[in-house]
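Topology and contacts: notes
Spelled out from the first residue to the last, the chains are:
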Amino acid sequence: MISKEEVRHIAKLARLGINQEEEKFSKELSLILDYIEKLKEVDVKNVKPTSYSGKIENITRKDTEAQKSEKTSKLLELFPDRKKRFLKTKQIF
Amino acid sequence: MELENLTIEKAHQGLLKKEFSAQELTERYFQKIEEEDKKIHSYLNLYQDLAILQAKETDEMISRGKKINLLAGIPAAVKDNIMVENLKCTAGSKILESYVAPYDATVVKKLKREGIIILGKTNLDEFAMGSSTENSSFGPTRNPSDLERVPGGSSGGSAAAVAANLCLFSLGSDTGGSIRQPASFCGVVGLKPTYGAVSRYGLIAFASSLDQIGPITKTVEDCQTIFNAVLGKDEMDATSVSLPPSGGRDGKSQIKGLKIGVPKEYFIKGMEAEVEKMIKAAIQKYQDLGAKIVEVSLPYTEYALPCYYIIAPSEASANLARYDGIKYGYSTTRREQKTANSLLDIYLQSRGEGFGAEVRRRIMLGTYALSAGYYDAYYLRAQKVRTLITKDFEKTFKKVDAIFSPTSPTPAFKIGEKTSDPLEMYLSDIYTVSVNLAGLPAISIPVGKTSSSQNQGGGLPVGLQIIGKPFEEEKIMEIAKMYDNK
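For every chain, the first residue of the written sequence is number 1, and numbering continues from 1 along that sequence. The lettering of chains begins at A and the numbering of ligands begins at 1, in the order of writing. For a predicted model such as this one, the threshold for reporting local features is a pLDDT of at least 70, and the threshold for listing and counting side-chain atom pairs is 80 or more; totals across whole chains, interfaces and linings nevertheless cover every residue. Note that the side-chain values use all heavy atoms of the structure and ignore hydrogens as well as water.

Think of it this way: any DSSP run of H or I at least four residues long counts as a helix, any run of E at least two long counts as a strand, and we number them from the N terminus. On a plain count of helices and strands, chain B comes out with 15 helices and 11 strands. Here the globule rule reads 2.2 Å times residues to the power 0.38, and the radius of gyration is calculated from C-alpha atoms. By the compact-globule yardstick of 23 Å for 486 residues, chain B fits well, its C-alpha radius of gyration being 22 Å. Based on the C-alpha atoms only, the size of chain B along its principal axes is roughly 70 × 60 × 50 Å. Of all 486 residues assigned to chain B, the portion counted as buried reaches 65%. By definition, residues are in contact when any of their heavy atoms lie within 4.5 Å. If you take every contact in chain B between residues at least 6 apart in sequence, the share linking residues at least 24 apart comes to 75%. For every residue, the accessible area obtained with a 1.4 Å probe (protein chains only) is divided by the maximum for its type, and the residue is called buried under 20%, exposed over 50%, and partly exposed between those limits.

On to a nonpolar patch on the surface, then. Here the term patch refers to residues with relative accessible area over 30% and no salt bridge, with like charges joined within 9 Å and nonpolar side chains (Val, Leu, Ile, Met, Phe, Trp, Tyr) within 5 Å. Residue burial considers only the protein chains on display, and all accessible areas are found by Shrake-Rupley using a 1.4 Å probe. Throughout this description, the term salt bridge denotes a Lys or Arg side-chain nitrogen within 4 Å of a carboxyl oxygen of Asp or Glu. Taken together, the side chains of Tyr 52, Ile 56 and Ile 59 of chain A make up a nonpolar region of the molecular surface, amounting to roughly 240 Å² of accessible area. Here Ile 59 of chain A shows up in the loop between α2 (22-36) and α3 (70-77).

Residues and elements named next belong to chain B. Across the two faces of strand β5 (residues 189-192) the burial is the same, with Val 189 and Leu 191 and Gly 190 and Lys 192 all buried. Note: two strands are recorded as paired if DSSP finds a minimum of 2 bridges between them. Across two bridges, β5 lies against strand β6 (residues 212-217) in antiparallel orientation. Bridge pairing in β6 links Val 189 to Thr 217.

Before going further, it helps to examine the domain arrangement of chain B. Where the parts come together, the accessible area they lose is often given as the size of the interface. All names here are of chain B. In terms of domains, chain B is made up of domain 1 (3-230), domain 2 (260-306 + 380-468) and domain 3 (320-377). As used throughout, domain bounds are those supplied by an automatic or database domain assignment. Each of domain 1 and domain 3 has a C-alpha centre, and these two points are 30 Å apart. If you look at the interface, domain 1 gives 14 residues, while domain 3 gives 16 residues. Here domain 1 and domain 3 share an interface that buries about 1,200 Å² over both sides, 66% of which is from carbon and sulfur atoms. At the junction of domain 1 and domain 3, the tally comes to zero salt bridges. Throughout this description, a polar contact denotes any pair of N or O atoms lying within 3.5 Å of each other; where both atoms belong to protein, one of them has to be capable of donating a hydrogen while the other can accept it, and for residues adjacent in sequence the pair is counted only when both atoms sit in side chains. Run the count over domain 1 and domain 3 and you get three residue pairs in polar contact (both at pLDDT 80 or more). Buried area: the sum, over both parts, of the accessible surface (1.4 Å probe) that disappears when the two are put together.

All names here are of chain B. We call a pair of cysteine sulfur atoms a disulfide when they lie within 2.5 Å. Applying the stated criterion across every chain, the model contains zero disulfides over all chains. You can see Cys 89 has no disulfide; the closest cysteine sulfur is in Cys 167, sitting 17 Å from it. Cys 89 gets classed as buried once you look at its relative accessible area, which sits at 0%.

Let us now look at helix α11 (residues 357-370) of chain B. Taking 1.5 Å of rise per residue, the 14 residues of α11 of chain B would be expected to cover 20 Å, and the 20 Å separating its terminal C-alpha atoms lies within 8% of that figure. Of all the positions in α11 of chain B, only Glu 358, Val 359, Arg 360, Arg 361, Arg 362, Ile 363, Met 364, Leu 365, Gly 366, Thr 367, Tyr 368 and Ala 369 of chain B are classed as buried. Its buried side turned inward, α11 of chain B meets α1 (4-13) and α2 of chain A together with α9 (304-319), α10 (343-354), α12 (376-396) and α13 (422-426) of chain B. Residue count minus one, scaled by 1.5 Å, sets the expected span of a helix.

Turning our eyes to something else, we now look at the sheet that holds strand β8 (residues 292-296) of chain B. All names here are of chain B. Taken in spatial order, the 11 strands make up an open sheet running β1-β3-β2-β4-β6-β5-β10-β11-β9-β7-β8, and their pairing is mixed. Each edge of the open sheet carries a strand with a single partner, namely β1 (43-46) and β8. Strand-to-strand, the axes of this sheet are offset by a mean angle of 30 degrees, without reference to chain direction. Here the axes come from fitting lines to C-alpha atoms, over the contacting stretch only for helices, and the angles between their N-to-C directions go from 0 to 180 degrees.

Moving on, we get to the interface of chain A and chain B. Counting residues at the interface gives 48 residues for chain A, matched by 66 residues for chain B. Summing both partners gives a buried area of about 5,200 Å² for chain A against chain B, and 69% of it is carried by carbon and sulfur. In this assembly, chain A and chain B are joined by four salt bridges. For Glu 302 of chain B, the salt bridge goes to Lys 38 of chain A, with nearest N and O atoms at 2.7 Å. On inspection of chain A and its partner chain B, the count reaches 23 residue pairs in polar contact (both at pLDDT 80 or more). Where the side of chain A that touches chain B is concerned, the elements lending two or more residues are α1, α2 and α3 of chain A. No other element matches α2 of chain A, which puts eight residues into the side of chain A that touches chain B. Three residue categories are used. Nonpolar comprises Ala, Val, Leu, Ile, Met, Phe, Trp, Tyr, Cys and Pro, charged comprises Asp, Glu, Lys and Arg, and polar comprises the others, including Gly. Of the residues contributing to the side of chain A that touches chain B, the split by class is 29 nonpolar, six polar and 13 charged.

Within this structure, the stated rule accounts for 26 salt bridges over all chains. For Arg 361 of chain B, the salt bridge identified is with Glu 28 of chain A, shortest N-O distance 3.0 Å. Of this pair, Arg 361 of chain B sits in helix α11 while Glu 28 of chain A sits in helix α2, each in a different chain. Accessibility assignment for this pair places Arg 361 of chain B and Glu 28 of chain A in one class, buried. Within the structure, one salt-bridge network assembled from shared partners comprises Glu 28 of chain A together with Glu 358, Arg 361 and Arg 362 of chain B.

Below, the discussion takes up the environment of Gln 13 of chain B. Residue and element names in this part refer to chain B. Counting through the fold element by element, Gln 13 comes out in helix α1 (residues 8-16). Taking relative accessible area as the criterion, Gln 13 reaches 27% and is therefore assigned partly exposed. In the structure, Gln 13 is positioned 57 residues away from Leu 70 in sequence and 8.8 Å away in space, judged by C-alpha atoms. Among the polar contacts made by the side chain of Gln 13, one reaches the side chain of Glu 9 at a distance of 2.9 Å.

What follows deals with the confidence of the model for chain B. This prediction gives chain B a mean pLDDT of 94; 97% of its residues lie at or above 70. Note on the complex model: pTM 0.96, ipTM 0.94. pLDDT expresses, on a scale from 0 to 100, how confident the predictor is about each individual residue.

A general trend in soluble globular proteins is that nonpolar side chains are found buried together. Residue and element names in this part refer to chain B. Buried Ala, Val, Leu, Ile, Met, Phe, Trp, Tyr and Cys residues form a nonpolar core when they are joined through side-chain atoms within 4.5 Å. Ranked by size, the top nonpolar core spans 168 residues in total, and within it Phe 127, Tyr 286, Phe 393, Ile 443, Ile 445 and Ile 466 carry the most contacts. Take this core: its biggest share by element is nine residues, from α9. Residue contacts for Ile 445: discarding those within four places in its chain leaves Val 189, Val 220, Tyr 286, Val 462, Gly 463, Leu 464, Ile 466, Ala 480 and Tyr 483. Residues Phe 185, Ala 412, Phe 413 and Met 425 belong to the second largest nonpolar core, which totals five residues.

Right, let's get into the packing of aromatic side chains. Aromatic rings from Phe, Tyr and Trp, with only the six-membered ring used for Trp, were paired whenever their centres fell within 6.5 Å, and each pair was classed as stacked if the ring planes differed by under 30 degrees, edge-to-face if by over 60, and tilted otherwise. Tallied over the full model, the rule gives 19 aromatic pairs over all chains. Ring plane angle 50 degrees and centroid distance 5.9 Å describe the contact between Tyr 52 of chain A and Tyr 195 of chain B, whose orientation is recorded as tilted. On the criterion of chain membership, the pair formed by Tyr 52 of chain A in the loop between α2 and α3 and Tyr 195 of chain B in the loop between β5 and β6 is interchain, its members lying in two chains. The class for Tyr 195 of chain B is buried, based on a relative accessible area of 5%. Aromatic side chains Tyr 99 of chain B and Tyr 328 of chain B sit 5.3 Å apart centroid to centroid with 45 degrees between the ring planes, which places their arrangement in the tilted category. Residue Tyr 99 of chain B is found in the loop between β2 (75-79) and α4 (106-114), and its partner Tyr 328 of chain B is found in the loop between α9 and α10; the two are separated by 229 residues along the sequence. An aromatic cluster of three or more residues is present, and its members are Tyr 99, Phe 127, Tyr 323, Tyr 328 and Phe 355 of chain B. Over the ring of Tyr 103 of chain B we find Lys 71 of chain A; its NZ or CZ atom is 4.6 Å from the centre of that ring. Distance and angle both matter: a charge sits over a ring if NZ of Lys or CZ of Arg is within 6 Å of the ring centre and within 35 degrees of the ring normal.

Okay, structure coming up:
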């Protein structure tokens with residue numbers, strides 16, 4: 001069972017604004033988690049975890065200077081708020 | 001030009017023989033979209049002017065007697081979580097409502113080079129999270145077979161558009177069944193390639209260890225054409241790989257001696273009787289053609305869905321952290337009446353208002369599973385179960401060439417039928433999620449419709465899922481072709 005207090009804590013970790021939905025989330029998440037509890041039946045002793053299918057490791061590329069491209073200006077245009085080429089935001093500290 | 005009978009090859013021949021021009025073909029599709037998509041709502045955005053311009057280029061090449069590619073002038077639709085440069089890419093979410101893609105996804109780049117014409121972007125469950133396309137922030141898509149029913153999801157718009165002949169083929173993405181299940185519900189072909197077979201660059205990330213892009217088509221031949229056009233290693237996606245040359249493409253597969261595994265764990269309670277009957281009939285057909293049917297066991301099957309519902313939301317909660325109201329997308333800083341007093345307010349408000357119910361639910365679930373004190377119990381344990389599920393398949397594929405199963409336990413359900421119970425909705429993907437967890441290729445092909453007496457809107461399509469070994473897409477597609485070729 002996920003308490004309303006826990007819901008508020010998770011929402012804060014997730015940086016997700018919730019509006020008086022503690023009750024709803026508490027109910028829904030508890031139901032889903034109850035279902036997921038099923039995994040506890042499985043004996044996973046000495047089993048290695050899989051994070052990706054297939055064998056992929058150490059993929060590298062040359063550390064070259066990024067080229068200024070048309071893409072850059074398109075990305076800049078997507079900023080909600082900016083000053084010239086700088087992203088504008090509320091003060092952080 | 002009858003759009004109903006058109007395939008990629010037939011359209012190509014029509015263009016070559018000058019039975020119609022690419023412009024006429026494109027215009028015919030837009031006319032049909034105009035007539036029918038108000039009811040179906042498979043498209044979110046259409047780009048007629050751009051498409052006509054592209055079609056004219058193909059026509060000019062033809063008139064100048066230049067050789068054209070098989071895909072030149074072929075009208076297509078792209079799921080709205082795959083980026084097409086300068087076109088909106090919403091992922092079905094309010095948070096990306098006005099986002100314009102700054103570059104082409106690699107698959108789009110490759111298909112554009114072949115000369116395809118993009119008619120528009122198709123509807124999906126928000127961020128591809130869902131099994132019915134009802135989670136789209138822009139309204140649901142309806143099943144062309146019965147407008148009271150869902151088209152499946154999350155690539156519901158892409159599957160419905162192909163089924164209703166509102167494009168010749170489409171692209172979808174599949175994280176837990178999102179190509180195969182809607183293909184099954186709409187009566188079309190859908191392929192989820194092996195993890196890494198197709199570049200994911202330019203696909204809006206949901207769960208990065210599971211996501212794959214794949215084609216939705218009318219025939220298996222068309223599916224082969226599109227898959228072969230988009231596969232391959234891409235330096236922009238470190239998880240993409242070159243397909244090994246063998247890949248089941250060593251000559252034509254023979255049905256004689258073909259070993260088909262049928263997992264006993266898949267034929268269980270919850271499967272609709274008529275679906276079971278039709279899948280068993282399809283299996284029987286392969287046996288009659290000379291294939292050997294073997295009962296196999298995948299003992300960890302029942303843990304696949306709970307395993308998926310730890311891994312996918314966990315990865316999603318991390319991937320979706322980027323929608324912060326700061327860099328792009330919906331932001332409360334843009335509001336005229338300023339409500340955010342601090343940086344934290346911008347995060348909380350933008351995300352709280354921008355994401356829909358299912359996405360919020362999964363972000364919460366994923367954040368919980370990854371939070372301090374719970375990581376080992378949930379995420380790490382799920383990753384270990386994932387290993388066991390993968391091993392189930394590895395063992396089975398030592399004995400058989402392919403595994404057959406239903407794509408979904410039921411045909412398309414009614415709109416609104418499962419929206420109030422998330423768990424009930426998740427069960428729709430019970431046969432498809434294991435394939436993503438194990439990174440395997442699988443195709444869904446239509447094997448007929450349920451008897452129309454059961455449903456007022458007429459019979460509903462049922463799909464057969466054919467699962468293959470890693471990188472044996474070609475083999476499962478050859479096996480799929482045998483169903484119709486006899």
